[in-house]
Amino acid sequence: MDIALTLLGFILMLAGILGSFLPVLPGPPLSWIGLLLLYLTKAVTDDWWVLGITLFIALFITVMDYVIPAMGTKRFGGSKAGMWGTIVGLLVAIFVPIFGPFGIIIWPFIGALVGELLNKANQKTALKAAFGSFLGFLTGTFMKLVVTVFYAIFYVYLTIKNAGEIFQFG
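So, a few notes on the structure that sits alongside this text. Bear in mind the structure is a predicted one, so any value in this text is a computation, not a measurement. (Residues numbered from 1 in each chain as written. Predicted model: local features only at pLDDT ≥ 70, side-chain atom pairs only at ≥ 80, totals over all residues. Heavy atoms only, no water.)

1. With respect to the overall build of the chain
Heads up, the condition is: Starting at the N terminus, helices and strands are each numbered in turn, a helix being any DSSP run of H or I of at least four residues and a strand any DSSP run of E of at least two. Burial here depends on accessible area, computed with a 1.4 Å probe over protein chains only, as a share of the maximum for the residue type. Under 20% is buried, over 50% is exposed, and the range in between is partly exposed. Any pair of residues with heavy atoms lying within 4.5 Å of one another is described as a contacting pair. Using the Shrake-Rupley algorithm and a 1.4 Å probe, accessible areas are obtained, with residue cover drawn only from the displayed protein chains.
Summing up its helical and strand segments, the chain has seven helices and zero strands in all. Along the chain direction, N to C, the helices and strands of the chain fall in the order α-α-α-α-α-α-α. Overall size of the chain, expressed as C-alpha extent along the three principal axes, is 70 × 35 × 20 Å. When burial is assessed residue by residue, the chain has 40% of its 170 residues classed as buried. Of all intrachain contacts in the chain linking residues separated by at least 6 positions in sequence, the fraction that spans at least 24 positions is 68%. Carbon and sulfur atoms make up 78% of the accessible area of the chain, which amounts to about 9,900 Å² in all.

Structure, rendered in structure tokens:
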């Protein structure tokens, strides 16, 4: 059972990292659940302080991921249309990789700009708001990525530290 929990936890770690970029996956909470599964093995000693602190961080970052882009858009004079455009641009980047790895940066900006223009903003206002929405998106994505990668590194550390007990056969 420990091996199954460890493998499922690892899959959730990877899904959490992907969730840093994909708006449909809650990255930090998925990574935290992966960490929890590792702590549920018999090999890893329960540490409720670590689990509590990492849960708080995961939930805080998840909430901030919604707040920061809105703050960025509002700060730069944008609307909800710009925020939605950013999300649509991200989806385009994922499913239509025209700009290759740079698409994850270019498409959300284009999406925010188009969203603002469709919302009847003039070009200068639309460009400024698109930049704000895009900056907020990048900030949220970066925060989620840092947290999920840290959780994954911690997960691998704990797995290696307890590998002898986790991967016992017999």
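2. Things to note about the packing of helix H4 (residues 80-95) against helix H5 (residues 103-118)
Applicable threshold: Inter-axis angles, ranging from 0 to 180 degrees, are taken between N-to-C directions of lines fitted to C-alpha atoms, where helices are fitted over the stretch in contact. Note: crossing handedness is left-handed where the near helix turns anticlockwise from the far helix by less than a right angle, and right-handed where it turns clockwise. Side-chain classes follow a simple rule in which Ala, Val, Leu, Ile, Met, Phe, Trp, Tyr, Cys and Pro form the nonpolar group, Asp, Glu, Lys and Arg form the charged group, and the remainder, Gly included, forms the polar group.
Interaxial distance between H4 and H5 falls to 6 Å at its minimum, and their mutual angle equals 145°. The two elements H4 and H5 cross, and the hand of that crossing is right-handed. Taking contact as the criterion, the partners of Ala81, Gly82, Gly85, Thr86, Gly89, Leu90, Val92 and Ala93 in H4 are, on H5, Gly103, Ile104, Trp107, Pro108, Gly111, Ala112, Gly115 and Glu116. Looking at side-chain class alone, the contact of H4 with H5 contains eight nonpolar, seven polar and one charged residues.

3. What to know about the packing of aromatic side chains
Note the threshold: Classification of ring pairs uses Phe, Tyr and Trp, with its six-membered ring standing for Trp, and accepts pairs whose centres are within 6.5 Å; under 30 degrees between planes counts as stacked, over 60 as edge-to-face, and the remaining range as tilted.
The full count for this structure, using the stated rule, is six aromatic pairs. For the ring pair phenylalanine 10 and tyrosine 155, a centre distance of 6.5 Å and an interplane angle of 40° mean the geometry is tilted. Taken together, the residues phenylalanine 10 in helix H1 (residues 2-18) and tyrosine 155 in helix H6 (residues 123-161) connect sequence positions 145 residues apart. For tyrosine 155, a relative accessible area of 2% puts it in the buried group. Within the aromatic cluster, the residues linked to one another by ring pairs are Phe150, Tyr151 and Phe154.

4. Re a nonpolar patch on the surface
Selection criterion: Grouping into patches uses exposed residues only, defined as over 30% relative accessible area, and leaves out salt-bridged ones; the cut-off is 9 Å for like charges and 5 Å for nonpolar side chains (Val, Leu, Ile, Met, Phe, Trp, Tyr). Whenever Lys or Arg places a side-chain nitrogen within 4 Å of a carboxyl oxygen from Asp or Glu, that contact is recorded as a salt bridge.
A cluster of nonpolar residues, Trp84, Ile87, Leu91, Phe95, Val96, Ile98, Phe99, Phe102, Ile105, Ile106 and Leu138, forms a patch on the protein surface that exposes about 1,100 Å² of accessible area. Where the nonpolar patch is concerned, the elements lending two or more residues are H4 and H5. Here phenylalanine 102 is to be found in the loop between H4 and H5. Its relative accessible area of 56% is what places phenylalanine 102 among the exposed residues.

5. Remarks on the nonpolar core
For clarity, the threshold we go by: In this description, a nonpolar core means a group of buried Ala, Val, Leu, Ile, Met, Phe, Trp, Tyr and Cys residues linked to one another through side-chain atoms lying within 4.5 Å.
Counting residues in hydrophobic clusters, the biggest one holds 16 residues, and the most contacted among them are Met13, Leu35, Leu38, Tyr39 and Tyr151. Taken together, the elements giving at least two residues each to this core come down to helix H2 (27-39), helix H3 (48-75) and H6. Each residue touching methionine 13, except ones within four places of it in the same chain, is listed here: Ser31, Gly34, Leu35, Tyr151, Ala152 and Tyr155. Formed by five residues, the second largest nonpolar core is a distinct cluster that contains Leu5, Ala15, Leu30 and Leu37.

6. Side note on H5
Side chains of residues three or four places apart in an α-helix project in the same direction, reflecting 3.6 residues per turn. What counts is decided by this rule: Each helix should span, by expectation, one fewer than its residue count multiplied by 1.5 Å.
With 16 residues, H5 extends 21 Å between its outermost C-alpha atoms, agreeing within 8% with the 22 Å of an ideal straight helix rising 1.5 Å per residue. Residues Gly103, Trp107, Pro108, Gly111, Ala112, Gly115 and Glu116 constitute the buried set of H5. Packing partners of the buried residues in H5 comprise H3, H4 and H6. Lysine 120 sits one or two residues past H5 and shows a positive phi near 70°.

Structural measurements only, silent on function.
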